[in-house]
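Each chain is listed here by its residues.
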Amino acid sequence: MAGVYVHIPFCKQKCHYCDFHFSTNLSRQDEMVDAICQEIILRKEYLADNKIETIYFGGGTPSLLSQNQITKILNTISECFDTLNVEEITLEANPDDLSKDVLKAFYAAGVNRLSIGIQSFDEDVLQQMNRAHNSTEATESIRLAQQFGFSNLTADLIYGIPEKPLSYWKDQVQQMIDLGVKHISAYCLTIEQNTVFNHLENKGELNLPNDEESLEQFNYLVNTLAENGYEQYEISNFAKQGYISKHNSAYWQGKSYLGVGPSAHSYDGNSRSWNIRNNSQYIKSLQKSEIPLETEVLTFKDKFNDYVLTRLRTKWGLLKEDLPELLGAINHSEFSQIIESHISRGCLKETDQAYVLTPEGKFIADKLAADLFV
Ligand code: SF4
């Protein structure tokens, strides 16, 4: 079974670290929702068995949508796919959007999981990042969402913030634990091209922590969340029992998904496609019933590399039962040797079923995956 990802390409303002696709011109939301619905209809044959288990509204800022707009998209999905087994409908939300009325509307529309973009509880850091919310809204949005039935919620935090020591990070993690959040995603700040942080860094005005300091913050996160009953099921994702994200887990396990909306990506097991990153052109194309996307058919090497990159980051690791078929299709004579060398360095461990990262390996996961690429 598969999932549907809906990209909502609007934000109130641009965060200083972000390179996602969105527009701050909110005037075309209705047209965008119509275009997204049209894309869903045109691509209703995309998923082989037509059955879906998860729906994910990402962005951008999906919490800018009204109840009617969410309902319209969900109804279109139900008309085009078998949604009998849908267990999880997630919507990404920014804290400043989450009033009582908005939460009630999301719940009524069928959303049963919220992903709240907290990033930090610290007023200065929120301003430095140019987030739209303040520190009070960060805390209150979580409390309010829990009161209004969203016990299944996840919240994001960013570590590796300029000029912020370990003591800052300890306080952030503790606040999240104290709020009883069941799922936490934590990412190291990365400096993307053409962002405000990128310009500041180029001028020498961004004093980022070094690798050792970032590693210290990451290790603190992993150990503290483990002590508090969270399982690290993917490098950046931690969940209490029963709260693992079904949508993201399916993606990491290589299941198919249809992505609709500008810049959304799709995967059907044999090819990947990606939609145009331009709101006006996206709307214009769909008004003519044309889907503005490009497609790449995956080679056996692409499939192997994708498998390694996504699976290695998870607690499930590289499954021994999957490897003969994947390796049989490519010439990768050094695979066993590379695996052995990482096991002897303490970065990988072998279990009965799989090769999985050790705590040391988790901090260099992408480099380790690149070593295994063909
Ligand atoms: S709200 Fe999210 S998508 Fe929008 S600019 Fe900020 S980080 Fe990027």
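Residues numbered from 1 in each chain as written. Predicted model: local features only at pLDDT ≥ 70, side-chain atom pairs only at ≥ 80, totals over all residues.

Asks: Could you clarify how one ought to interpret the pairing of strand 15 (residues 354-357) in this entry?
Replies: The side chains of a regular strand alternate between the sheet's two faces. Across the two faces of strand 15 the burial differs, with Tyr355 and Leu357 buried and Ala354 and Val356 not buried at all. Inspection of the sheet shows strand 13 (residues 318-319) paired to strand 15 by two bridges, in the antiparallel sense. Directly across from leucine 318, in strand 15, lies its bridge partner tyrosine 355. The sheet contact formed by strand 14 (residues 348-350) and strand 15 spans three bridges and is antiparallel. Bridge pairing in strand 15 places glutamate 350 opposite tyrosine 355. (Buried ≥ 20, exposed ≤ 12 C-beta atoms within 10 Å, placed from the backbone. Helix = DSSP H or I, 4+ residues; strand = E, 2+ residues; numbered from the N terminus. Pairing = 2+ DSSP bridges.)

Asks: Sorry if this is basic, but what is going on with the domain arrangement of the protein here?
Replies: A common way to report how large an interface is uses the accessible area buried once the components associate. Each assigned domain of the protein is listed with its residue range as follows: domain 1 (2-251) and domain 2 (300-374). Computed from C-alpha coordinates alone, the two centres of domain 1 and domain 2 are separated by 28 Å. On the side of domain 2, seven residues touch domain 1, which itself brings six residues to the contact. Going through the elements one at a time, helix 8 (211-227) and strand 7 (231-234) are the ones with two or more residues in the side of domain 1 that touches domain 2. (Domains from an automatic or database assignment. Contact = placed C-beta atoms within 7 Å.)

Asks: Any chance you could explain unusual backbone geometry here in plain terms?
Replies: Negative phi characterises most residues that are not glycine, and trans characterises most peptide bonds. Across the junction of glycine 59 and glycine 60, the peptide omega takes the value 20°, indicating a cis bond. Within the secondary structure, glycine 60 sits in the loop between strand 2 (52-59) and helix 2 (67-80). We note that asparagine 50 has phi near 70°; this positive angle belongs to a residue other than glycine. For asparagine 50, the position within the fold is in the loop between helix 1 (29-42) and strand 2. On the neighbour-count criterion, asparagine 50 (14 C-beta atoms within 10 Å) is partly exposed. The phi dihedral of asparagine 130 falls on the positive side, at around 60°, and the residue is not glycine. Among the structural elements, asparagine 130 can be located in the loop between helix 4 (123-129) and helix 5 (135-147).

Asks: When you look at the site of the ligand in this model, what are you seeing that I'm missing?
Replies: Taken together, the neighbourhood of the ligand is formed by Cys11, Lys14, Cys15, Cys18, Phe20, Phe22, Gly59, Gly60, Thr61, Asn94 and Gly117. A per-class count over the shell around the ligand returns five nonpolar, five polar and one charged. (Near = placed C-beta within 6 Å. Nonpolar A, V, L, I, M, F, W, Y, C, P; charged D, E, K, R; others polar.)

Asks: Please clarify how the packing of helix 6 (residues 166-178) against helix 8 should be interpreted in this entry.
Replies: Remark: helix 6 packs on helix 8, axes separated minimally by 10 Å, with the N-to-C direction vectors making an angle of 25°. By the angle between their axes, helix 6 is roughly parallel relative to helix 8. The hand of the helix 6/helix 8 crossing is right-handed. Contact with helix 6, carried on its side by Leu166, Trp169, Lys170 and Val173, involves Glu216, Gln217, Tyr220, Leu221 and Thr224 of helix 8 and no other residues of that element. Taken together, the residues of the contact of helix 6 with helix 8 break down into five nonpolar, two polar and two charged. (Axes fitted to C-alpha atoms, helices over the stretch in contact; angles between N-to-C directions. Parallel < 35°, antiparallel > 145°, perpendicular 65-115°, else oblique. Left-handed = near helix turned anticlockwise from the far one by under 90°.)

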